[in-house]
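# Report on the structure
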Amino acid sequence: MPTYAYRCRECTGTFELQRPMSESSAPATCPDGHADTVKLLTTIALTGSANSPAPVSAPSGGCCGGGCGCG
């Protein structure tokens, strides 16, 4: 179940709630009982496994990759 972060506009505290995606836009009450809250935009960092090799970038040269000799 996803976790959503919220901030209370009255006490300025932040808190998290686990709720179904279907309830992601439903109002949330802060732990102190205040109803004036706003859902925060959060980011998710995705990483590869430690065993996966680093991506290899293609050699580049000039404006078109060097195929025409401009680089």
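Provided above is the structure to which this section pertains.
Residues numbered from 1 in each chain as written. Predicted model: local features only at pLDDT ≥ 70, side-chain atom pairs only at ≥ 80, totals over all residues. Heavy atoms only, no water.

## With respect to the overall build of the protein chain
A tally of regular secondary structure across the protein chain gives zero helices and three strands. Reading the helices (α) and strands (β) of the protein chain from amino to carboxyl end gives β-β-β. Buried residues in the protein chain amount to 15% of all 71 residues. Considering only contacts within the protein chain whose residues lie at least 6 apart along the sequence, 29% involve residues at least 24 apart. Of the roughly 5700 Å² of accessible surface on the protein chain, a fraction of 54% belongs to carbon and sulfur atoms. (Helix = DSSP H or I, 4+ residues; strand = E, 2+ residues; numbered from the N terminus. Buried < 20%, exposed > 50% of the residue type's maximum accessible area, 1.4 Å probe, protein only. Contact = heavy atoms within 4.5 Å. Areas by Shrake-Rupley, 256 points an atom, 1.4 Å probe, with all protein chains shown as cover.)

## Brief notes about unusual backbone geometry
The phi dihedral of threonine 12 falls on the positive side, at around 60°, and the residue is not glycine. Here threonine 12 is to be found in the loop between β1 (3–8) and β2 (14–18). For threonine 12, a relative accessible area of 55% gives the class exposed.

## Considerations on the pairing of β1
Here five bridges tie β1 to β2, and the two strands are oriented antiparallel to one another. Note that in β2 the partner of alanine 5 across the bridge is glutamate 16. The loop that links β1 with its antiparallel partner β2 comprises five residues; one of these, threonine 12, has a positive phi angle of about 60°. With three bridges connecting them, β1 and strand β3 (residues 37–39) associate as antiparallel partners. In the strand pairing of β3, cysteine 8 is matched with threonine 37. (Pairing = 2+ DSSP bridges.)

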